[in-house]
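Take a look at the letters that make up each chain.
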Amino acid sequence: MTPTLHEVELLPYRPCVGIMLASHSGLVFAGQRLDSEFDAWQLPQGGIDEGEEPLDAAYRELEEETGVCPDLVAHEASLADWLNYDLPTDLVPKLWNGCYRGQRQKWFLFRFLGKDEQINIDTRFREFSEWRWVTTDQLMRYVVPFKQETYRRVISEFECRLLPDRFNLEGKTPRLSPQ
């Protein structure tokens with residue numbers, strides 16, 4: 001049974017991390033969700049375990065979902081703020097035992113230092129059916145609607161770090177928390 005909007009609004013957000021994994025050329029990793037009936041692509045993300053620091057969770061989730069271990073990335077930036085998104089009401093009972101209305105995410109930008117063949121989505125916690133490097137514009141075309149505002153904010157904050165030389169010429173500076 002689908003909960004009412006009021007019932008959903010009483011639920012908490014699930015603490016979570018999101019990871020923008022950037023290639024040396026400024027493209028970002030996008031994975032096609034394995035469990036979606038739609039052509040839904042997303043960035044790596046996942047829950048924060050009790051007592052776990054968000055950055056530690058980001059490294060763990062990245063490895064669980066992409067096979068990319070911490071020594072293959074450089075942590076370049078973190079969003080200063082946490083971002084929330086709400087699930088559509090009909091999805092609430094289908095995810096996380098219906099305990100959460102959506103996710104409260106801390107976002108991190110990691111630069112991939114390895115080779116493409118070191119990315120392995122066929123992991124124990126497989127979430128993606130395929131992956132590719134995409135531009136942020138391409139990513140936004142395939143993100144599910146309820147995550148689009150969050151992704152717009154993440155891209156807006158991290159974009160100046162994807163290809164720093166292009167933005168340094170324009171005098172833009174990111175609004176990011178110190179590492």
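Above this note sits the structure.
Residues numbered from 1 in each chain as written. Predicted model: local features only at pLDDT ≥ 70, side-chain atom pairs only at ≥ 80, totals over all residues. Heavy atoms only, no water.

As for the packing of aromatic side chains
Per the stated rule, a full pass over the model turns up 10 aromatic pairs. Plain terms: the ring middles of Trp 107 and Tyr 151 are 5.7 Å apart, the flat faces sit at 80 degrees to each other, and that makes the pair edge-to-face. Here Trp 107, found in strand β7 (residues 102-112), pairs with Tyr 151, found in helix α4 (residues 148-162); they are 44 residues apart in sequence, far enough to count as distant. You can call Tyr 151 buried: its relative accessible area is 2%. Ring geometry for Phe 108 against Phe 110: centres 6.4 Å apart, planes inclined by 20 degrees, an arrangement best described as stacked. By relative accessible area, Phe 110 is classed as buried at 0%. If you follow Arg 104 out to its NZ or CZ, it ends over the ring of Trp 82, 4.3 Å from the centre. (Phe/Tyr/Trp six-rings, centres within 6.5 Å; stacked < 30°, edge-to-face > 60°. Helix = DSSP H or I, 4+ residues; strand = E, 2+ residues; numbered from the N terminus. Buried < 20%, exposed > 50% of the residue type's maximum accessible area, 1.4 Å probe, protein only. Lys NZ or Arg CZ within 6 Å of the ring centre and 35° of its normal.)

Here we look at the pattern of salt bridges
A complete count under the given rule lists 10 salt bridges for this structure. Across the pair Asp 122 and Arg 126 runs a salt bridge whose closest N-O atoms are separated by 3.2 Å. When salt bridges with common partners are traced through the structure, they connect Asp 49, Glu 52, Arg 60, Glu 61 and Glu 64 into a single cluster. (Salt bridge = Lys/Arg side-chain N within 4 Å of Asp/Glu carboxyl O.)

Looking at α4
At Ser 156, α4 shows its largest bend, some 35 degrees. Residues of α4 that are buried: Thr 150, Tyr 151, Val 154, Ile 155, Glu 157, Phe 158, Cys 160 and Leu 162. (Bend = angle between axes of the 7 residues up to and from the residue.)

So, the pairing of strand β2 (residues 28-33)
Burial within β2 is extensive, with 5 of its 6 residues counted as buried. Here 6 bridges tie β2 to strand β8 (residues 128-134), and the two strands are oriented antiparallel to one another. Bridge pairing in β8 links Phe 29 to Trp 133. Note: β2 against strand β3 (residues 41-42), 2 bridges, orientation antiparallel. Residue Gln 32 lies in a different strand from β3, and its bridge partner there is Trp 41. (Pairing = 2+ DSSP bridges.)

Here's the deal with the nonpolar core
Core analysis: the biggest nonpolar cluster contains 20 residues, and Met 20, Trp 107, Leu 139 and Phe 158 have the highest contact counts within it. Put simply, the parts of the chain that give this core at least two residues each are β1 (13-22), β2, β5 (73-79), β7, α3 (136-142) and α4. The element that contributes the greatest number of residues to this core is α4, accounting for 5 residues. For Trp 107, the contacting residues outside a window of four places in its chain are Gly 18, Ile 19, Met 20, Leu 43, Ala 77, Ser 78, Leu 79, Leu 83, Thr 150, Tyr 151, Val 154 and Phe 158. Ranked by size, the runner-up nonpolar core spans 18 residues in total, among them Phe 29, Val 73, Phe 108 and Phe 128. (Core = buried A, V, L, I, M, F, W, Y, C linked by side-chain atoms within 4.5 Å. Contact = heavy atoms within 4.5 Å.)

Focus: the environment of Glu 157
Counting through the fold element by element, Glu 157 comes out in helix α4. When its relative accessible area of 14% is taken as the criterion, Glu 157 is described as buried.

Examining unusual backbone geometry
Positive phi outside glycine occurs at Trp 96, with the angle close to 50 degrees. Looking at where Trp 96 falls in the secondary structure, it is placed in the loop between β6 (83-86) and β7. You can call Trp 96 partly exposed: its relative accessible area is 25%. Backbone geometry places Asn 97, a non-glycine residue, at a positive phi of 55 degrees. Mapped onto the fold, Asn 97 is located in the loop between β6 and β7.

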